[in-house]
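# Structure assessment
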Amino acid sequence: MEARSSGITNGETKVFHPVAKDVNILFDELEAVNSPCKDDDSLLHPGNLTSTSDDASRLEAGGETIPEKNKSNGLYFRDGKCRIDYILVYRKSNPHMEKREIFERNIRAEGLQMEKESSLINSDIIFVKLHAPWEVLGRYAEQMNVRMPFRRKIYYLPRRYKFMSRIDKQISSFRRWLPKKPMRLDKETLPDLEENDCYTAPFSQQRIHHFIIHNKDTFFNNATRSRIVHHILQRIKYEEGKNKIGLNRLLTNGSYEAAFPLHEGSYRSKNSIRTHGAVNHRHLLYECWASWGVWYKYQPLDLVRRYFGEKIGLYFAWLGWYTGMLFPAAFIGLFVFLYGIITLDHCQVSKEVCQATDIIMCPVCDKYCPFMRLSDSCVYAKVTHLFDNGATVFFAVFMAVWATVFLEFWKRRRAVIAYDWDLIDWEEEEEEIRPQFEAKYSKKERMNPISGKPEPYQAFADKCSRLIVSASGIFFMICVVIAAVFGIVIYRVVTVSTFAAFKWALIRNNSQVATTGTAVCINFCIIMLLNVLYEKVALLLTNLEQPRTESEWENSFTLKMFLFQFVNLNSSTFYIAFFLGRFTGHPGAYLRLINRWRLEECHPSGCLIDLCMQMGIIMVLKQTWNNFMELGYPLIQNWWTRRKVRQEHGPERKISFPQWEKDYNLQPMNAYGLFDEYLEMILQFGFTTIFVAAFPLAPLLALLNNIIEIRLDAYKFVTQWRRPLASRAKDIGIWYGILEGIGILSVITNAFVIAITSDFIPRLVYAYKYGPCAGQGEAGQKCMVGYVNASLSVFRISDFENRSEPESDGSEFSGTPLKYCRYRDYRDPPHSLVPYGYTLQFWHVLAARLAFIIVFEHLVFCIKHLISYLIPDLPKDLRDRMRREKYLIQEMMYEAELERLQKERKERKKNGKAHHNEWP
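The structure contained in this document is the topic of the report that follows. (Residues numbered from 1 in each chain as written. Predicted model: local features only at pLDDT ≥ 70, side-chain atom pairs only at ≥ 80, totals over all residues. Heavy atoms only, no water.)

### Looking at the state of the cysteines
Note: disulfide means a covalent bond formed between the sulfur atoms of two cysteine side chains. The condition that has to hold: Two cysteine sulfur atoms form a disulfide, by the criterion used here, when they sit within 2.5 Å. For the purposes of this entry, the term helix denotes a DSSP run of H or I that reaches at least four residues, the term strand denotes a run of E that reaches at least two, and both are numbered from the N terminus. With a 1.4 Å probe rolled over the protein chains alone, any residue whose accessible area is under 20% of its type maximum counts as buried; one over 50% counts as exposed, and the rest are partly exposed.
Going through the model one piece at a time under the given rule, you end up with three disulfides. Put simply, Cys773 and Cys783 are joined by a disulfide, and their sulfur atoms are 2.0 Å apart. Looking along the S-S bond of the Cys773-Cys783 disulfide, the torsion reads about -85 degrees, which is the left-handed sense. A residue pair is termed long-range when its members are at least 10 positions apart, and Cys773 in the loop between α26 (760-770) and α27 (787-790) and Cys783 in the loop between α26 and α27 qualify at ten residues. Relative accessible area serves as the criterion here: at 4%, Cys773 is assigned to the buried category. Since its relative accessible area comes to 0%, Cys783 is described here as buried. Looking at Cys521, it has no disulfide partner, and the nearest cysteine sulfur is the one in Cys525, 7.2 Å off. Classification of Cys521 by relative accessible area gives partly exposed; the value is 37%.

This is how it looks when you write it as structure tokens:
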């Protein structure tokens, strides 16, 4: 069981040097030690169809040959023994032949085994199959500090008193009558993942006897094997020179076309998983995770982590946690909406609006818009009440607290996952410098304080100048967004008059709603078009900054893309929430754009209905489009590839494709990794929290979308994408800071929405100061009598400007031309000393709005900080488990070493080589 760092063949010793950046290029072909490798199926059901590991072991013990199915399933070399750990793809017509030859010679020198196969449909495409023998895996696992299981975990049950034991028995007997938890996965279906029930330690060849090794071929799982091979490939030279090293550079310069680990076979099976078990882990993931039939069940996160790695596992863990936390938010939001429906008949404001047949409102646009009765907006008043009612303020406070609770409990959940997945003590390796950075600054060097080696250096002045140019580019693109919003504003101003003069009565009578609806759809199209432009600009600006490492490049690109898309998606919403109808002036003295177009006014029932339409339409269309692009686009591409193959070679050739060619025909994972998945969810989180006071159904829509999103992403990873390289991560990275920023912004925006956009504050001021209950300390519906009349001002029609005077004189309402009309504002009547000046009620409402914003923000921020303080980042039981595990590991390592020394002592005594004073 001892792993050696050198292999002996025909009496000659070949030393495998540990890889470093300054390793010499080897031009002689060195053959690695043959170590047969089998399928990683030791954790599958006994009834599965491909438990080739056990079969191979039995056949080898009996001196038989390896089954032919190993040779034909595309997961092994031609001998059927060595499993393929990694695939490289290139074209024979590619001019970089010399670089590849040197690179492949050095691959063999490191001990990796290699085979080549040509494509069945294109002889120009060559697949390079790589396999890592046990000696190579052990050597590099020790260098990479890969943690492996070495002792089963011991679970201690706390001592319980007899009385508590009796209660537990009664509870367990009662639970037998209850139905089983439907959301949990069937334990018989999932394999027993051994490493989750074992203590782990960094692998060491000197202490290999401490680790649980039932079979060397399955000790390292497939994801770990691929990660080790990728680590080796990243440190192999392909040309003379200090920086001519690594697979990434060969992929960048086109020497290789693709590089990926293999999927573990087909994700489908003719037999049921319940009767025959899973064919492989990919099939198991498809049935228990990516299938639509299990949409209501928990995710098998341990299996996802084992197959795709910790980084992707953390994404799905975060997405599942976010979706689960949306349940209470969606329930409360639905309750607020239902509360509005229940109290609709008792709402005094909507009653007065519906009964106000004698109140004539002024036209909302120049010339073509007619006078209208206030009662004509009865439907809009009722719809507004569904979203703007007494429970809205409570819901806004709840969502602000919810965002904090979500983030704080995610930190605790992440800590538990990090403990279970052995990420607590994991630290990222010193990252390699990006090739673009090296090429740009190769002439200037300085010593790296960590490695002590010279590396390219970017001067501070050069870095600052590049950051200034990048910031200027960001500012310019934000100005482009503002210009697009300005264009939408002009469209709304021009179109409302056009729709008011439309021939169809339906559109003419609902000109404002038609204007808002079409403006939102056009705005969505502009958003999608600008997103394409923003991605190119963000890429250009990030490359202009010349980040030193890949993580710095990724963080810079992430911030730019989030900023661009956030501003692009929410700029129109901010305009409707805080600017629409606020700076229009009043009849007779309207404010105009370029002294031509009159600014758009709110509907007589308020601007909240416009904000609800904006959020609802954008949210639904955005999520629908994202889901199509995530799944529909790869499906169409893969279908088109299969169609071309069938047309050229016939449908029967599809069955004979080996696994590497099937995977090559799948779509590669996004070049930016999980960026698009995180960005979509973070933008949705912003929509769910920032303007939730205006649209309480946003959490419900987000919940429904995320239930679908989890299965869509799972289906995409399992069936439509090549298997990504398993990589490690401790958390979700820069996205957590962005989530915290959105949580803070949501408190501010919701305070302004309640104070400015909704009518909550004007109604409160009227109830306590001007209504029938003034001075009594009450604010019920009876105190709102007369509110509608008090919130409308009077305008004399003869004071209209010539370009604003309507074509109709309003005689259709009373038979005689109208003299006065009403509009939403707190202004003096035309016959007062200061015509159309602000009333005292206006200043009272303004002061109350400002006071509410200050009190709301301070109160909610205090609650958020209190919750953050009270909820520890690390659960107490987890902290105790970590301390006890550390103690037990030390004891186990000591006992194992003591046992080894005792065995050696006994062997010496048997051989007659015992020494006096030997310890122990």
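### Overview of the packing of aromatic side chains
Definition in use: Aromatic pairs are defined between Phe, Tyr and Trp rings, using the six-membered ring for Trp, whenever the two ring centres lie within 6.5 Å; interplanar angles under 30 degrees are classed as stacked, those over 60 as edge-to-face, and all others as tilted. Only when the NZ atom of a Lys or the CZ atom of an Arg is both within 6 Å of the ring centre and within 35 degrees of the ring normal do we say a charge sits over the ring.
According to the stated counting rule, one finds 53 aromatic pairs in the structure shown. The ring of Tyr76 carries Arg83 above its face, with NZ or CZ at 5.9 Å from the centroid.

### Observations concerning helix α30 (residues 876-910)
Put simply, the test is: Here the expected length of a helix is defined as 1.5 Å per residue gap, with one fewer gap than residues.
When the terminal C-alpha atoms of α30 are compared, their 51 Å separation across 35 residues agrees well with the 51 Å that a helix rising 1.5 Å per residue should span. Here α30 has its buried residues at Leu878, Glu885, Leu888, Ile889, Met892 and Ala896.

### Digging into the sheet that holds strand β5 (residues 125-131)
Stated precisely, the cut-off is as follows: In this analysis, strands are considered paired if DSSP registers two or more bridges between them. Working convention: axes come from line fits to C-alpha atoms, limited for helices to the stretch in contact. Angles between N-to-C directions cover 0 to 180 degrees. The contact criterion used throughout is that any non-hydrogen atoms of two residues lie within 4.5 Å.
Reading across from one edge, β4-β5-β3-β8 is the order of the four strands in this open sheet, with antiparallel pairing throughout. Each edge of the sheet is formed by a strand with only one pairing partner; in this case those strands are β4 (113-118) and β8 (258-260). Taken pair by pair, the neighbouring strands of this sheet meet at an average axis angle of 20 degrees, ignoring direction. Looking at chain direction, strand β3 (residues 86-91) and β5 are connected through six bridges and run antiparallel. Across the sheet, Val89 pairs through a bridge with Phe127, a residue of β5. Against the sheet, helix α3 (residues 97-109) makes contact with β3, β4 and β5, and its axis sits at roughly 160 degrees relative to β3, the strand it touches most. Running at roughly 50 degrees to β3, helix α7 (residues 222-233) makes contact with β3 and β5 of the sheet.

### Observations regarding the nonpolar core
In plain terms, the rule: We define the nonpolar core as a collection of buried residues of types Ala, Val, Leu, Ile, Met, Phe, Trp, Tyr and Cys that are connected through side-chain atoms lying within 4.5 Å of one another. Note: domain ranges come from an automatic or database domain assignment.
Membership of the largest hydrophobic core comes to 155 residues, with the highest contact counts inside it found for Phe308, Trp318, Tyr322, Trp402 and Phe856. Looking at this core element by element, the count peaks at 15 residues for helix α12 (residues 310-342). Counting only domains with at least three residues in this core, you end up with domain 2 (269-297) and domain 3 (763-870). Dropping the residues within four chain positions of it, Trp402 is found in contact with Tyr322, Met325, Leu326, Pro328, Ala329, Phe685 and Thr689. In this structure, Leu88, Val146, Ile213 and Tyr238 belong to the second largest nonpolar core, which totals 40 residues.

### Details of a nonpolar patch on the surface
Formally: What makes a patch is a set of residues exposed beyond 30% relative accessible area and free of salt bridges, joined within 9 Å when like-charged and within 5 Å when nonpolar (Val, Leu, Ile, Met, Phe, Trp, Tyr). Per-residue and other accessible areas follow the Shrake-Rupley method at a 1.4 Å probe size, with only the shown protein chains counted as cover for residues. Salt bridges, as used here, are contacts in which a Lys or Arg side-chain nitrogen is within 4 Å of a carboxyl oxygen on Asp or Glu.
Judged by side-chain polarity, Trp625, Phe628, Met629, Tyr633, Ile636, Trp639 and Trp640 come together as a nonpolar surface patch covering roughly 720 Å² of accessible area. With respect to the helices and strands, the residue Trp625 is situated in helix α21 (residues 608-649). Judged by its relative accessible area of 38%, Trp625 falls in the partly exposed class.

### Comments concerning the side chain of Arg83
Put simply, the test is: Here a polar contact is recorded for every N or O atom pair within 3.5 Å, except that within protein the pair must consist of a potential hydrogen donor and a potential acceptor, and residues adjacent in sequence are included only if both atoms are side-chain atoms.
Counting through the fold element by element, Arg83 comes out in the loop between α2 (68-72) and β3. Assessed through its relative accessible area of 4%, Arg83 is described here as buried. A distance of 3.4 Å separates a polar atom in the side chain of Arg83 from a polar atom in the side chain of Asn222.

### Quick word on the packing of helix α25 (residues 735-757) against helix α29 (residues 840-870)
Defined as follows: Any angle that falls under 35 degrees is termed roughly parallel, while one over 145 is termed roughly antiparallel, one within 65 to 115 roughly perpendicular, and all others oblique. For a crossing to be left-handed, the near helix must be turned anticlockwise from the far one by less than a right angle; the clockwise case is right-handed.
Where α25 contacts α29, the axes come no closer than 9 Å and their chain directions differ by 150 degrees. With respect to α29, the element α25 is oriented roughly antiparallel. For the pair α25 and α29, the sense of crossing is right-handed. Within the contact between the two elements, α25 uses Gly743, Ile744, Val747, Ile748, Asn750, Ala751, Phe752, Ile754, Ala755 and Ile756 and α29 uses Arg849, Phe852, Ile853, Phe856, Glu857, Val860, Phe861 and Lys864.

### Some words on empty space enclosed by the protein
Which entries qualify depends on this criterion: Buriedness of a pocket was judged along seven lines, with at least five required to meet protein on both sides within 12 Å; pockets are open sets of points on a 1 Å grid over the protein atoms alone, cavities are sets where a 1.4 Å probe fits but cannot get out, and lining residues have an atom within 4 Å of a point. Grid points are joined across faces, edges and corners, and a volume is the space filled by probe spheres set on the points. Three classes are used, and their members are as follows: Ala, Val, Leu, Ile, Met, Phe, Trp, Tyr, Cys and Pro are nonpolar, Asp, Glu, Lys and Arg are charged, and the others, Gly among them, are polar.
Overall, the coordinates contain eight cavities of 30 Å³ or more when judged by the stated rule. Estimates place the volume of the largest cavity at around 100 Å³. Taken together, Leu569, Ile618, Met619, Lys622, Gln623, Asn626, Leu679, Glu680, Leu683, Gln684 and Phe687 make up the full set of residues lining the largest cavity. For the lining of the largest cavity, the secondary-structure elements that each account for two or more residues are α21 and α23 (675-690). When the residues that make up the lining of the largest cavity are grouped by side-chain class, the tally is six nonpolar, three polar and two charged. The computed volume of the second largest cavity comes to approximately 80 Å³. What lines the second largest cavity is simply Leu75, Arg83, Ile84, Asp85, Asn222, Ser226, Pro261, Leu262, His263 and Arg723.

### Regarding helix α19 (residues 511-545)
Helical periodicity: at 3.6 residues per turn, an α-helix aligns residues three or four positions apart in one direction. When the terminal C-alpha atoms of α19 are compared, their 49 Å separation across 35 residues agrees well with the 51 Å that a helix rising 1.5 Å per residue should span. Looking one or two residues beyond α19, the residue adopting positive phi is Gln546, at roughly 55 degrees.

### Side note on the pattern of salt bridges
For the structure on display, the rule yields 26 salt bridges. Across the salt bridge formed by Asp422 and Arg147, the nearest N and O atoms sit 3.9 Å from each other. One end of the pair, Asp422, is in the loop between α15 (392-420) and α16 (435-440); the other, Arg147, is in strand β6 (residues 147-152), with 275 residues separating them in the sequence. By relative accessible area, which is 17% here, Asp422 ends up buried.

Treat this as a map of the structure, not an account of what it does.
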